[in-house]
Amino acid sequence: MPNSAIPFDNTYARELSGFYEPCQPAMVREPVLLFFNHGLAEELGIEAGRDDAALAAMFSGNALPEGAQPIAQAYSGHQFGQFNPQLGDGRALLIGEVIDRHGRRRDIALKGSGRTPFSRRGDGKAAVGPMLREVLIGEVMHALGIPTTRALAVVSSGEPVFRERALPGAILTRVAASHLRVGTFQYFAAHGAPEQVRHLADYAIARHFPELAGAEERYLGFLRAVAERQAALIAQWMHAGFIHGVMNTDNMGIPGESIDFGPCAFMEAFDPRAVFSSIDEMGRYAYEAQPRIARWNLARLAETLLPLIADNEGRAIELATEVIDGFMAHYQHYWLAGLRAKLGLRGSVKHGDHVDTALGESWLDLLHAQQVDYTLAWRRLADAAAGNEAPLRAMFSGQPGLDRWLQRWRERCAAEDVEPGAANARAESMRRVNPWLIARNHRVEEALAAASDEGDLAPFEQLLLALRRPFDEDPALARYAEPAPGAFMAEFRTFCGT
Ligand code: AMP
Ligand code: MG
C-alpha cells in the first residue's frame, strides 16, 4: 500500500445497493485547509505525511483518495414531528469506511460537498462558520467523554455560499461510527420495502451489535440495544447541559453517537426549559424534553421494525411497546449513575436511589431558582467537597436554601466516608466528571465570526485548544470558562447549519 493511501473498506456501498445514490463531490475553486485533526487521523491510520495542499485537495473532494466511493445515503425523517419521506444526504457524501487502530469501523463523510440526488431545493453547500462549529462541538463532546461524531478536516472552498448574505463556503470531513439513522429505517419502511428494512437491520446488527447476530429475537434485541445507547447518551447530554436543538429522527444515530451539530448549545444559567434554536418556536427540543423526545424517536424506529419483531402484528406491537416503555427507566438509571458521580458519591445507600435522585433534583431546583451557571456550580461544588465553600457561596444570592442543601449533601457524603482523606479524594473524583470548561456560546460565536468574517483562525484555534482539556482548571484560560454576559444569553439564538 502506498503511504498516501487510505485503507478503505466500504461495506455500505458494497452490501446495501439500493440504499444510496452514487454521486461525485462538486469541484471547488480554491481549497484551503482550515483545520486538520492530526490526532484523529492517527487514530484512523491515515498517514499524515501529506502537505496542507494535498490534504485540502483530498478533503474538499477535488481529489478524493484512492479507494473512496462517494455515495449519498437515502433517509427519511420526522422533522419537528412532521414526517418527510424524502430527505437523504442533500449536501453530504459518505466517501468510505476504514477500520481504525482500535479495530472499530468508522465512516468518513464529506458535508457541504455539493448537490446530490437528495438535495431538493438546497445548494448542497455549507459555510465556514457552521463547519468550524461542528469541529468545536465534536471535539469538546469527545473531550467530555460523550460519544460523538468528530471532524477530521475543514477545507474552505474559495467560493461563496448564499444564505441571508454571502458567506465563505467550506467542506467538513466528518467521522462517525456510522451514518445509520432512525430515518434510514423510516425511509425503507415508508417506501413499502420490508425486505430492505430487514437487510438494513441485519447490516446494523452486524456492524454495531454483532453479539446479536444470529440470535433469536434479534430485531427486538436490536431495538433494545439502540434504546439503551440512546438512554446512556441522553443522560450524558443532560449532565453536560447540552441541548442538541434539532432531535429530528434523521439526526438520531443508530450507533448512539451525538451527530449533526447545527443549532446546538450548552446551557449557561440552569433552566430546564432552555432552548436556543431559532426554528424551535414551540420548545419541542428544549433541554428537559430531550429524554422524552429520544423515546418518541425510538418509537418511530420501533414502528419500522414491527414486521421483523413478530409475524403477529399485535404481538410485535406488544413486544416493541415493552421496550419503548422501558426507555425512561433505563435513562433514569444512567442519569442517576452520572448524578452520583457528579455529586461525588460512590455508591448507593439503603433506599438510595430515591434519596439521591431527590438530592440531585433539589440541587438543580436551587440552580434554577437562582439562575446559577450550571457548569461552574458543579465545579465549585467540587471545591466545597475539598473544604473550600466560598467560591460556591459567591455564586448564590440567597444562602438559606444553599445551606440546607449543603447540609443534606454532607450528610449523604458522610454515609460513605470511612477512610481518612475521603474529602480530597471526593473533590478529585468530582473534578474528573464536572468540567471546568464547556463551549461557551459567546466564545464559540466570537471564534466563528473571526474565522468567517475576517479569515482569522487564531481565536478558533485557541478555543479548540482549551476545549480539548475541559477538566483542567487553568487560570490562563479563565476567559473561556466565564459565563457569557446575561444580555448575550438573553438574545442568543442558534441556527441550523444550512
Ligand atoms: P439537517 O437539518 O442539517 O439535519 O438537514 C436536514 C436535511 O436537509 C438533510 O436531508 C440534509 O441533507 C438537507 N440539507 C440541509 N442543508 C442543505 C443544503 N444546503 N443543500 C441541500 N440539502 C440540504
Ligand atoms: Mg441532519
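Calculation rules
Residues numbered from 1 in each chain as written. Chains lettered and ligands numbered in written order. Predicted model: local features only at pLDDT ≥ 70, side-chain atom pairs only at ≥ 80, totals over all residues. Heavy atoms only, no water. Donors = N, O, S within 2.8 Å, 3.2 Å for Na, K, Ca; no water. Buried < 20%, exposed > 50% of the residue type's maximum accessible area, 1.4 Å probe, protein only. Domains from an automatic or database assignment. Contact = heavy atoms within 4.5 Å. Buried area = accessible area lost by both parts, 1.4 Å probe. Helix = DSSP H or I, 4+ residues; strand = E, 2+ residues; numbered from the N terminus. Expected span 1.5 Å × (residues − 1). Core = buried A, V, L, I, M, F, W, Y, C linked by side-chain atoms within 4.5 Å. Axes fitted to C-alpha atoms, helices over the stretch in contact; angles between N-to-C directions. Parallel < 35°, antiparallel > 145°, perpendicular 65-115°, else oblique. Left-handed = near helix turned anticlockwise from the far one by under 90°. Nonpolar A, V, L, I, M, F, W, Y, C, P; charged D, E, K, R; others polar. Near = heavy atom within 4 Å. Polar contact = N/O pair within 3.5 Å; in protein donor to acceptor, adjacent residues only side chain to side chain. Areas by Shrake-Rupley, 256 points an atom, 1.4 Å probe, with all protein chains shown as cover.

Further remarks concern the coordination of the magnesium ion (ligand 2). Looking at the magnesium ion (ligand 2), one finds its protein donor set to be Asn251 (OD1) and Asp260 (OD), positioned 1.9 to 2.1 Å from the metal centre. Owing to a relative accessible area of 15%, Asp260 belongs among the buried residues under this scheme.

Here the focus is the domain arrangement of the protein chain. How big an interface is tends to be stated in terms of the accessible area lost upon association of its parts. Domain assignment breaks the protein chain into domain 1 (3-179), domain 2 (185-249 + 282-334) and domain 3 (344-498). Measuring from the centre of the C-alpha atoms in domain 1 to the corresponding centre in domain 2 gives 25 Å. The partner domain 2 presents 24 residues to the 30 residues of domain 1 that form the contact. At the boundary of domain 1 with domain 2, total buried surface from both sides reaches about 2,100 Å², with 65% on carbon and sulfur atoms.

Let us now look at helix 11 (residues 352-369). When the terminal C-alpha atoms of helix 11 are compared, their 25 Å separation across 18 residues agrees well with the 26 Å that a helix rising 1.5 Å per residue should span. Of the residues making up helix 11, those classed as buried are Gly352, Asp356, Thr357, Leu359, Gly360, Trp363, Leu364, Leu366 and Leu367. Trailing helix 11 by a residue or two, Gln371 shows a phi angle of about 50°, which is positive.

In terms of nonpolar packing, the biggest core is built from 139 residues, with Trp363 and Trp409 touching the most fellow members. Not counting chain neighbours up to four residues away, the residues in contact with Trp409 comprise Leu343, Leu359, Leu381, Ala384, Ala385, Arg426 and Met430. Ranked by size, the runner-up nonpolar core spans 22 residues in total, among them Leu44, Ala56, Phe59 and Leu110.

Where helix 10 (residues 327-343) contacts helix 11, the two axes come as close as 10 Å, and the packing angle between them is 65°. By the angle class used here, helix 10 and helix 11 are roughly perpendicular. Where helix 10 crosses over helix 11, the handedness of that crossing is left-handed. In contact with Trp335, Leu336, Leu339, Arg340 and Leu343 of helix 10, helix 11 contributes Gly352, Asp353, Asp356, Thr357, Leu359, Gly360, Glu361 and Leu364. Taken together, the residues of the contact of helix 10 with helix 11 break down into six nonpolar, three polar and four charged.

Around ligand 1 there are 18 residues in total, and Gly88, Gly90, Asp123, Gly124 and Asp260 lie nearest to it. Here a nitrogen atom of ligand 1 sits 2.8 Å away from a polar atom, N or O, in the main chain of Gly124. Here an oxygen atom of ligand 1 and a side-chain polar atom of Asp260 are 3.0 Å apart. About the coverage of ligand 1: the protein hides 87% of its 490 Å² of free accessible area. Along the lines of polarity and charge, the residues of the shell around ligand 1 split into two nonpolar, eight polar and eight charged.

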